[in-house]
Amino acid sequence: MGTLLSGIKAPNDIKNLADSQLPELCEEIREQIINTVADNGGHLASNLGVVELTVALHRVFTLPEDSIVWDVGHQSYAHKLLTGRAEEFSTLRCEGGLSGFPSREESDCDPFTTGHSSASISSALGLSVAKSLAGDPGHVIAVIGDGALTGGLAYEGLNNAGRLNRNLIVILNDNAMSISRNVGSMARYLSYVRAKPGYLNAKDSIEAALCRLPKIGEAMASGVRRVKNVIKKNIFNTTIFQDMGFNYYGPFDGHDLRTLISVLTMAREIDKPVLIHIRTYKGRGYKYAENDPSMYHGLSAFDREKGAGDAGAQGFSGAFGETMCALAVENDRLCAVTAAMETGTGLTSFKEKFRNRFFDVGIAEEHAVTFCAGLARGGMIPVFAVYSTFLQRAYDQLIHDGALQHLKIILAIDRAGIVGEDGQTHQGIFDAAFLHTVPGIHVYAPTYYDELSDNLSDCVEGDAHLYAVRYPRGKALFRPEGYKLSGKPFGVYGAVESHTAIVTYGRLFSFAYEAMLALAKTGVKCKLVKLNRIIPLDPGVVSALKDCKTVVFFEESIRTGGVAENLGSMLSEAGFAGRYVMRCIEEGFVKHAPMFRTLEHLGLDKDGMIRAVHEALQPRLRGISEKGMWT
Ligand SMILES: Cc1ncc(C[n+]2csc(CCOP(=O)(O)OP(=O)(O)O)c2C)c(N)n1
Ligand SMILES: CC(=O)[C@@H](O)[C@H](O)COP(=O)(O)O
Ligand SMILES: [Mg+2]
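Residues numbered from 1 in each chain as written. Chains lettered and ligands numbered in written order. Predicted model: local features only at pLDDT ≥ 70, side-chain atom pairs only at ≥ 80, totals over all residues.

Going by the annotation in an unreviewed UniProt entry, the name recorded for the protein chain is 1-deoxy-D-xylulose-5-phosphate synthase, with Anaeromassilibacillus senegalensis given as the source organism. In UniProt, the protein chain has this text filed under Function (unreviewed entry): "Catalyzes the acyloin condensation reaction between C atoms 2 and 3 of pyruvate and glyceraldehyde 3-phosphate to yield 1-deoxy-D-xylulose-5-phosphate (DXP)." UniProt lists a comment for the protein chain under the heading Sequence similarities (unreviewed entry), and it reads "Belongs to the transketolase family. DXPS subfamily." (UniProt positions renumbered as here; feature names shortened; annotations may be inferred.)

Right, dumping it as structure tokens:
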């Protein structure tokens, strides 16, 4: 670690450095971030883009009295390094180590634990109002990217904040990129604002004025007043932000420390909402990331000298993308919709081949579902490819705009289940539960790529209602020899006459099958029920299980409201008198760790399953047998 950075042991230590040392500090921060992400994986390009901004924020504001809310939070690495977490930074995204996102548990300089986009203005506004009510003078700053500004929630925040008579600073970090190139009218508008010549003149004169601003110290007050006056004269009056009640300043060079510090110092003094528009470059300071900011947005460990290789969409996402292309050739009504996750969901080749049927709607999951409703109403067959965790945003739209209208919308739910290093905010462990409450939906959980294709093509062919096909992050696991697609809602494998049953779905089937084989070798014969369609469950599943003495259900999902609970209640109604054990995710939030380590911890790997079956068969040893049917 660089010498300046290693001297920063606590929040606000940065204030002990001289102005002249700050560029070197920025270099050290960049080095630290590049090396750590090369070792551990993580979000590189976005973090490299905000190094100067972060340094400027920490120079001007005092944490934790003042609060910085990073939108999404994937760009908070420099902030971590400057708030007493430099020593532990090498543990970033590792099990037991620092989170890759802001985390309240980690530091009181992280006001919120975040990972989902477009929420910063709302939460910063609430915090600011609370401070005001409590008589707390602290400032609140929201840093939001141009990509995050495509999310509707951001406008709800802006709308609400516009009339505030208190200092609230929103920094728009405009790098013209979401994960892919930013899309939509707002992106176009920002590029217009950035490029408008009259505007640039104003910017130049503002910058010239700012350069004359004295150093922090005695002369600050008059300097700030002077700059405020100059800025007032040069303010660009016609931005949407100005119209919404914000004082708008910018766009400024977001890599120019002196300008940033001066503007922030000025903005701190204004008892109104202020929006500071800065232009930054994603990947700044690492040539590979500068050249391909999209690939370096978030990535696995790589060789720093050689850079990362672009593997393209692989695993389930790759299979989904290929299937979509194949289906689109046969059916010209098939459309693909993504909420700013084109590459992650495997839709790049669909976009290239079927440009007029591909829609990146920005980070706008609610809109995406309702937009799909419109497409469906107009006779198209929309497939919304979305990560499980982000679909949470669109619950009402599924019910009101989709299910109630009896429209055919297909959800391709990627990253369903444990996702690994992104951790708590990104685990896909809620959809299987909340989709139970969406009337009429059919949800499939393929274990293998050909099952995914089969399910998707059935949905495209099927009647008019909501469908979801949910599949995990990464690749398919063990496939039993001779395993064939059944095309049925469930299948029964192994010792079909046994009174001991394992039930599961999705990728856990692979582990369950291996567990079943291992148990058989030790004389414990089980049947294995694989659920292909998890909502609604086929009544045949109940028939296959109701005479069992012991049923153990493994589910990579939150227990409350999940498939295991639902099956339990169906069995109960059918008069099941055996022991029903559910091994699901009990804790609401599962921390970051490698995906398979997490499954192991949760007892959802092969060994965990073997243990659970043994325990279920010997309940008295654990002293829990008399407690009823469900455990
Ligand atoms: C609700 C939601 N949808 C999607 C994402 C995935 N996501 C994370 S960062 C990102 C792009 C953000 O772009 P921007 O705000 O401009 O930040 P940048 O990376 O460019 O600094 C996306 C789409 C998310 N975190 N939350
Ligand atoms: C910050 C964010 O929300 C995304 O960048 C997310 O981390 C992507 O996850 P995958 O790596 O699984 O595509
Ligand atoms: Mg951006």
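K.L.:
Account for the site of ligand 2, with residues named and values stated.
P.N.:
Looking at ligand 2, the residues that line it are His-43, Val-72, His-74, Gly-115, Ile-179, His-297, Gly-298, Gly-344, Arg-415, Val-419, Asp-422 and Arg-473. Across the shell around ligand 2, the residue classes break down as three nonpolar, six polar and three charged. In this structure, the shell around ligand 2 is formed jointly by two domains, domain 1 (3-288) and domain 2 (315-470), each of which donates at least three residues. (Near = placed C-beta within 6 Å. Nonpolar A, V, L, I, M, F, W, Y, C, P; charged D, E, K, R; others polar. Domains from an automatic or database assignment.)

K.L.:
Before we move on, can you summarise the sheet that holds strand 14 (residues 527-531) with the specific residues and values?
P.N.:
With respect to topology, five strands assemble into an open sheet ordered 12-14-13-16-17, the strand pairing being mixed. The open sheet is flanked by strand 12 (490-494) and strand 17 (579-585), the only strands paired with a single partner. Strand-to-strand twist of the sheet, defined as the mean angle between neighbouring strand axes without regard to direction, takes the value 20 degrees. Examined bridge by bridge, strand 12 and strand 14 share five bridges and lie antiparallel to one another. Bridge pairing links Gly-491 to Lys-530 in strand 14. The sheet contacts of helix 21 (residues 508-521) involve strand 12, strand 13 (500-505), strand 14 and strand 16 (550-558), and relative to strand 13 the element is tilted by about 160 degrees. Contacts between helix 23 (residues 563-573) and the sheet are confined to strand 13, strand 14, strand 16 and strand 17, with strand 17 contributing the most and set at about 165 degrees to the helix. (Pairing = 2+ DSSP bridges. Helix = DSSP H or I, 4+ residues; strand = E, 2+ residues; numbered from the N terminus. Axes fitted to C-alpha atoms, helices over the stretch in contact; angles between N-to-C directions. Contact = placed C-beta atoms within 7 Å.)

K.L.:
Explain the site of ligand 1 residue by residue, including any values.
P.N.:
Near ligand 1 there are 24 residues, and of these Ser-46, Ser-117, Gly-145, Gly-147 and Ala-148 occur at the shortest range. Classifying every residue of the shell around ligand 1 gives eight nonpolar, twelve polar and four charged.

K.L.:
Give me the lowdown on the domain arrangement of the protein chain, citing residues and values where you can.
P.N.:
We note that the domain assignment places domain 1 (3-288), domain 2 (315-470) and domain 3 (494-627) within the protein chain. Computed over C-alpha atoms only, the centres of domain 2 and domain 3 are separated by 27 Å. Contact with domain 2, which involves 22 residues of that partner, is made by 28 residues of domain 3. Going through the elements one at a time, helix 19 (431-434) and strand 10 (442-444) are the ones with two or more residues in the side of domain 2 that touches domain 3. At three residues, the largest contribution of residues to the side of domain 2 that touches domain 3 is made by strand 10. The residue makeup of the side of domain 2 that touches domain 3, split by class, is twelve nonpolar, eight polar and two charged.

K.L.:
Outline the nonpolar core, supporting the account with residue identities and numerical values.
P.N.:
Counting residues in hydrophobic clusters, the biggest one holds 179 residues, and the most contacted among them are Ile-141, Ala-368, Phe-384, Val-386, Ile-502 and Ala-512. Discounting chain neighbours no more than four positions away, the residues touching Val-386 are Ala-339, Met-341, Glu-365, Ala-368, Leu-391, Leu-411, Ile-413 and Asp-414. (Core = buried A, V, L, I, M, F, W, Y, C linked by C-beta atoms within 7 Å. Buried ≥ 20, exposed ≤ 12 C-beta atoms within 10 Å, placed from the backbone.)

K.L.:
Can you explain the UniProt feature "binding site: thiamine diphosphate" (unreviewed entry) in the protein chain? Please cite residues and give values.
P.N.:
The residues that UniProt annotates with the feature "binding site: thiamine diphosphate" (unreviewed entry) are His-74, Gly-115, His-116, Ser-117, Gly-147, Ala-148, Asn-175, Tyr-286 and Glu-365. Taking the farthest pair of C-alpha atoms as the criterion, the annotated set spanning 292 residues is dispersed, since that pair is 31.8 Å apart. Sequence-distant contacts of Asn-175, that is, excluding residues within four places in its chain, are made with Gly-49, Gly-145, Asp-146, Thr-280, Tyr-281 and Lys-282. Among the structural elements, Glu-365 can be located in helix 16 (residues 365-377). What Glu-365 contacts, discounting residues up to four positions off in sequence, is Ala-339, Val-386, Phe-390, Leu-391, Arg-393 and Ala-394.

K.L.:
Quick rundown of the UniProt feature "binding site: Mg(2+)" (unreviewed entry) in the protein chain? Include the residues and the values.
P.N.:
Per the UniProt record, the feature "binding site: Mg(2+)" (unreviewed entry) sits at Asp-146 and Asn-175. The annotated residues occupy 30 residues of the chain but converge on a single region, no pair of C-alpha atoms lying more than 6.8 Å apart. Here Asp-146 shows up in the loop between strand 2 (140-145) and helix 7 (152-161). The exposure class assigned to Asp-146 is buried, which follows from the 21 C-beta atoms found within 10 Å.

K.L.:
Outline helix 16, supporting the account with residue identities and numerical values.
P.N.:
Taking 1.5 Å per residue, 13 residues should reach 18 Å; helix 16 reaches 18 Å between its end C-alpha atoms and fits that length. Looking only at helix 16, the buried set comprises Glu-365, Ala-368, Val-369, Thr-370, Phe-371, Cys-372, Ala-373, Leu-375 and Ala-376. Where the residues of helix 16 are buried, they touch strand 6 (334-338), strand 8 (381-387), helix 17 (388-391) and helix 18 (395-402). Following helix 16 by one or two positions, Gly-379 adopts a phi angle in the positive range, close to 100 degrees. (Expected span 1.5 Å × (residues − 1).)

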